[in-house]
Amino acid sequence: MRLALSLAVLSLTAACKQRESSPAPPPVREAAPRQPAAPPTPRCQPGERTCVGDDVVQCKADGSLGDKLDACKGACRDGACVDTCALQDVELIYLVDNKATLYSFDPKKLPADPFHRIAALACETTTTPNSMAVDRVGIAWLGYHDGTVHRASIIDGRCSASGAVPRGAPETFGMGLVTDGPKATTEKLFVAGDAETGNGKMLATLDTSTTPARWMPVAALTVAGNHPELTGTGDGRVFAYFPSPGRGFIQELDRATAKPIGTRWTLEAKANHVSAYAFAHWGGVFYVFTTADGSSAVHAVHMKNGKQELVLEDLPMVIVGAGVSTCAPLLERIP
């Protein structure tokens, strides 16, 4: 009996010690009351038509995007397809100076002041612009000295997503948009800059449909001259301005071979050194913006007869980039 009682006491003592050493179960926490989900923010007004890229889309009753109604061949604006060349002021020349200020330049206003200040660009870069082109939907493509390419609106100068260095491209290059042929509404962004190997220059296209954009070589430039700027026309022609010798010259380039074709227009105005330049075609006239020997000016060169004239001088800004869409007129306006 005593032995049995002793064993019972030992068993009870061991059970108590085991119970004491076991951690207490965590307190039960009451679940927080579930908050009702916030209703989704409507992306558009119910029933209205809106643009998603170049597509017209119908908005659903809850404000979300619904079915695609139309795929625009030109561009989509305010829920409708429009001819890209019908966009406001898309046919003007656009300029950027060395302080990253965007301007429009309306040749129709000459001999009065053709400049209109749009905005100071605030693209995400610490460097300044080097070149510019403008497409048919009113987007300015800007090349900067750090090799990045940015998009900005010609309406208010607002930059879109951060720029990136195009794959395979040199750090700086000239730019110009060119239609794919006479009466075409599609276009390519032609560029010219240093070749990947050697000391030569290369004509290429920049594929902006990829992110980052992609440099696509066309052919080596055989024209002797410093880094050229480019401009294109609505009938599919590519022209280059070379800033030397003197005040430089203008030369058409074969878009498939980069070889010089047609007339060479040598600028008659004297200059020892062109330090900044830009170039655009509008209405049968080349407008050449140069800063040479400390003075900024605009010269006009007429394609038809080669006539040259000093349009403006002693400009208060240093123009480093010019862009004109292929919506610009091809022929000289009637006097």
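Residues numbered from 1 in each chain as written. Predicted model: local features only at pLDDT ≥ 70, side-chain atom pairs only at ≥ 80, totals over all residues. Heavy atoms only, no water.

Visitor: Even after reading the chapter, I still don't get the overall build of the protein, so can you show me in this structure?
Guide: For the protein, the helix and strand inventory stands at one helix and 24 strands. For the protein, the residues scored as buried account for 45% of the 335 residues in total. Pairs at least 24 apart in sequence give 45% of the contacts found in the protein among residues at least 6 apart. For the protein, the computed accessible surface area is about 18300 Å², with 54% contributed by carbon and sulfur atoms. (Helix = DSSP H or I, 4+ residues; strand = E, 2+ residues; numbered from the N terminus. Buried < 20%, exposed > 50% of the residue type's maximum accessible area, 1.4 Å probe, protein only. Contact = heavy atoms within 4.5 Å. Areas by Shrake-Rupley, 256 points an atom, 1.4 Å probe, with all protein chains shown as cover.)

Visitor: Would you mind going over the pattern of salt bridges with me for this structure?
Guide: Close approach of charged atoms allows side chains of opposite charge to pair. With the rule as written, the count across this model stands at seven salt bridges. The salt bridge partner of Arg 158 is Asp 156, with a shortest N-O separation of 3.9 Å. When its relative accessible area of 63% is taken as the criterion, Arg 158 is described as exposed. The salt bridge partner of Arg 214 is Asp 207, with a shortest N-O separation of 3.9 Å. Here Arg 214 falls in the partly exposed class, since its relative accessible area comes to 34%. By sharing partners, the salt bridges in this structure join Asp 180, Lys 188 and Arg 255 into a single network. (Salt bridge = Lys/Arg side-chain N within 4 Å of Asp/Glu carboxyl O.)

Visitor: Just to check I follow, could you spell out the packing of aromatic side chains for this structure?
Guide: Aromatic rings considered in pairs are described by the distance between their centres and by the relative angle of their planes. Scanning the model with the defined rule gives twelve aromatic pairs in all. Each ring, one from Phe 105 and one from Phe 289, has its centre 5.2 Å from the other, and the planes form 85°; the classification is edge-to-face. Of the two residues, Phe 105 is situated in strand S7 (residues 101–105) and Phe 289 in strand S21 (residues 285–292); the sequence distance between them amounts to 184 residues. Taken as a pair, Phe 105 and Phe 289 share a single burial class, namely buried. The ring of Phe 249 carries the charged tip of Arg 264 above its face, separated from the ring centre by 4.0 Å. (Phe/Tyr/Trp six-rings, centres within 6.5 Å; stacked < 30°, edge-to-face > 60°. Lys NZ or Arg CZ within 6 Å of the ring centre and 35° of its normal.)

Visitor: It is not clear to me how the nonpolar core should be interpreted in this structure. Could you clarify?
Guide: A general tendency of soluble globular proteins is for nonpolar side chains to be buried together. Counting residues in hydrophobic clusters, the biggest one holds 22 residues, and the most contacted among them are Tyr 94, Val 96, Leu 121, Met 132, Ala 140, Leu 142 and Ile 154. Elements with a contribution of two residues or more to this core: strand S6 (93–97), strand S8 (115–120), strand S9 (129–134) and strand S10 (139–144). Top contributing element to this core by residue count: S10, with three residues. Here Met 132 is in contact with Tyr 94, Leu 95, Val 96, Leu 102, Ala 140, Trp 141, Leu 142, Met 175, Gly 321, Ala 322 and Gly 323, once residues within four sequence places are set aside. In terms of nonpolar packing, the next biggest core, distinct from the first, is built from 21 residues, Ile 93, Tyr 287, Ala 322 and Ala 328 among them. (Core = buried A, V, L, I, M, F, W, Y, C linked by side-chain atoms within 4.5 Å.)

Visitor: Just checking my understanding: could you explain the sheet that holds S10 for this structure?
Guide: In a beta sheet, neighbouring strands pair by backbone hydrogen bonds and run either parallel or antiparallel. Overall, antiparallel pairing links the three strands, which are arranged S9-S10-S11 in an open sheet. Of all strands in the sheet, those bounded by a partner on one side alone are S9 and strand S11 (149–153). In this sheet, adjacent strand axes meet at a mean angle of 25° when their direction is disregarded. Pairing of S10 with S11 involves five bridges; the strand directions are antiparallel. Its bridge partner lying in S11, Trp 141 is registered against Arg 151. (Pairing = 2+ DSSP bridges. Axes fitted to C-alpha atoms, helices over the stretch in contact; angles between N-to-C directions.)

Visitor: Teacher, can you tell me more about empty space enclosed by the protein here?
Guide: Remark: the empty space left among the atoms is shown by a probe the size of a water molecule rolled over them. Evaluation of the coordinates by the stated rule reveals three cavities of 30 Å³ or more. In this structure, the largest cavity encloses a volume near 50 Å³. Elements supplying a minimum of two residues to the lining of the largest cavity: S9, strand S12 (173–179), strand S16 (229–232), strand S20 (274–282) and strand S24 (319–324). Split by residue class, the lining of the largest cavity holds ten nonpolar, four polar and no charged. (1 Å grid on protein atoms, 1.4 Å probe; cavity = no way out; pocket = protein on both sides within 12 Å on 5 of 7 lines; lining within 4 Å. Points joined across faces, edges and corners; volume = space filled by probe spheres on them. Nonpolar A, V, L, I, M, F, W, Y, C, P; charged D, E, K, R; others polar.)

Visitor: Sorry, what's going on with the pairing of S24 here?
Guide: Within a regular beta strand, the side chains point alternately toward one face of the sheet and then the other, so they alternate between its two faces. The element S24 is largely enclosed, with a buried count of six among its six residues. Of the pairings in the sheet, the one linking S6 to S24 comprises five bridges and is antiparallel in character. Note that in S24 the partner of Val 96 across the bridge is Gly 321.

Visitor: Is there a simple way to think about the sheet that holds strand S1 (residues 49–52) in this case?
Guide: Reading across from one edge, S1-S2-S3 is the order of the three strands in this open sheet, with antiparallel pairing throughout. The sheet terminates laterally at S1 and strand S3 (65–71), the two strands that pair on one side only. Going from strand to strand, the sheet's axes swing by 40° on average, the running direction of each strand aside.

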